[in-house]
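Architecture at a glance
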Amino acid sequence: MDAIARLENLESELSALKALLGVAIDEWVTPTDAAKLVGLSRSTVRKLIDAAEAARAAGQGSQMQYGIHYRQIPDSHHWQVDWKALQSLLNKTLPEDWEVT
């Protein structure tokens with residue numbers, strides 16, 4: 001199979017995966033969609049955001065960083081997660097091993 005045919009096949013598979021998951025696979029997604037994409041529960045993703053926000057409010061560091069891994073939609077209380085950045089972070093270390101610095 002040549003490279004163009006392989007790319008077309010991968011695009012088709014990705015479209016099918018997106019339809020199966022029922023999510024738009026953009027960079028910034030809702031915590032619910034991020035949870036589906038990285039294999040965590042929605043409540044776990046929210047707990048990670050809440051812990052990162054608590055650390056940020058206290059002037060401490062956290063593995064999850066505002067503006068990189070998560071952000072708040074302006075003028076709302078809704079959160080978005082960069083699922084690719086979160087997946088990259090999860091590939092390095094598990095949330096239970098994260099330390100507040």
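Look a little higher up for the structure.
Residues numbered from 1 in each chain as written. Predicted model: local features only at pLDDT ≥ 70, side-chain atom pairs only at ≥ 80, totals over all residues. Heavy atoms only, no water.

1. Considerations on a nonpolar patch on the surface
For the record, the criterion: Here, patches come from residues exposed beyond 30% relative accessible area and free of salt bridges, joined within 9 Å for like charges and within 5 Å for nonpolar side chains (Val, Leu, Ile, Met, Phe, Trp, Tyr). Here the accessible surface of atoms and residues is derived via Shrake-Rupley with a 1.4 Å probe, and residues count as covered only by protein chains that are part of the display. Within this document, salt bridges are pairs made up of a side-chain nitrogen of Lys or Arg and a carboxyl oxygen of Asp or Glu, the two lying within 4 Å of each other. The numbering of helices and of strands both runs from the N terminus, where a helix is a DSSP run of H or I of at least 4 residues and a strand a run of E of at least 2.
A grouping of Leu-14, Leu-17 and Leu-20 is seen on the molecular surface, where their side chains present a nonpolar patch of about 300 Å² in accessible area. Summarising the element assignment, Leu-17 is placed in helix 1 (residues 3-21).

2. What to know about the side chain of His-69
Here is the rule: We call two residues in contact whenever any of their non-hydrogen atoms come within 4.5 Å of each other.
Assignment of secondary structure puts His-69 in the loop between helix 3 (42-57) and strand 2 (70-72). Apart from residues lying up to four places away in sequence, His-69 is in contact with Trp-28, Gln-63, Met-64, Gln-80, Val-81, Asp-82, Ala-85, Leu-86 and Leu-89.

3. Some thoughts on unusual backbone geometry
Trans is the common state for peptide bonds, and a negative phi is the common state for residues other than glycine. A positive phi angle, close to 60°, is found at Asp-75, a residue other than glycine. With respect to the helices and strands, Asp-75 occurs in the loop between strand 2 and strand 3 (79-82).

4. Comments concerning the pairing of strand 3
In plain terms, the rule: Exposure is judged per residue with a 1.4 Å probe applied to protein chains only, and the accessible area is read against the type maximum: over 50% gives exposed, under 20% gives buried, and values in between give partly exposed. By this definition, two strands are paired if DSSP reports at least two bridges between them.
The two faces of strand 3 match: Trp-79 and Val-81 on one face and Gln-80 and Asp-82 on the other face are all buried. Bridge count for strand 1 (residues 28-29) against strand 3 is 2 bridges, and the pairing is antiparallel. Along strand 3, the bridge assignment pairs Val-29 with Val-81. Relative to strand 3, strand 2 runs antiparallel, the two being bridged by 3 bridges. Across the sheet, residue Gln-72 finds its bridge partner in strand 3, namely Trp-79.

5. Some details on the packing of helix 2 (residues 31-38) against helix 3
Our working definition: Axes here mean lines fitted to C-alpha atoms, for a helix over just the part in contact, with angles spanning 0 to 180 degrees between N-to-C directions. Should an angle fall under 35 degrees it is taken as roughly parallel, and over 145 as roughly antiparallel, whereas 65 to 115 is taken as roughly perpendicular and any remaining angle as oblique. Crossings are classed by handedness, with left-handed meaning an anticlockwise turn of the near helix from the far one by less than a right angle and right-handed meaning a clockwise turn. For this scheme, ten residues count as nonpolar: Ala, Val, Leu, Ile, Met, Phe, Trp, Tyr, Cys and Pro. Four count as charged, namely Asp, Glu, Lys and Arg, and the remainder, Gly too, count as polar.
Closest axis-to-axis distance for the helix 2/helix 3 pair is 8 Å, and the angle between their directions is 115°. Overall, the two elements helix 2 and helix 3 adopt an arrangement that is roughly perpendicular. The crossing of helix 2 and helix 3 is right-handed. Contacts between helix 2 and helix 3 involve Pro-31, Thr-32 and Ala-35 on the former and, on the latter, Arg-42, Val-45, Arg-46 and Ile-49. Within the contact of helix 2 with helix 3, the residues separate by chemical class into 4 nonpolar, 1 polar and 2 charged.

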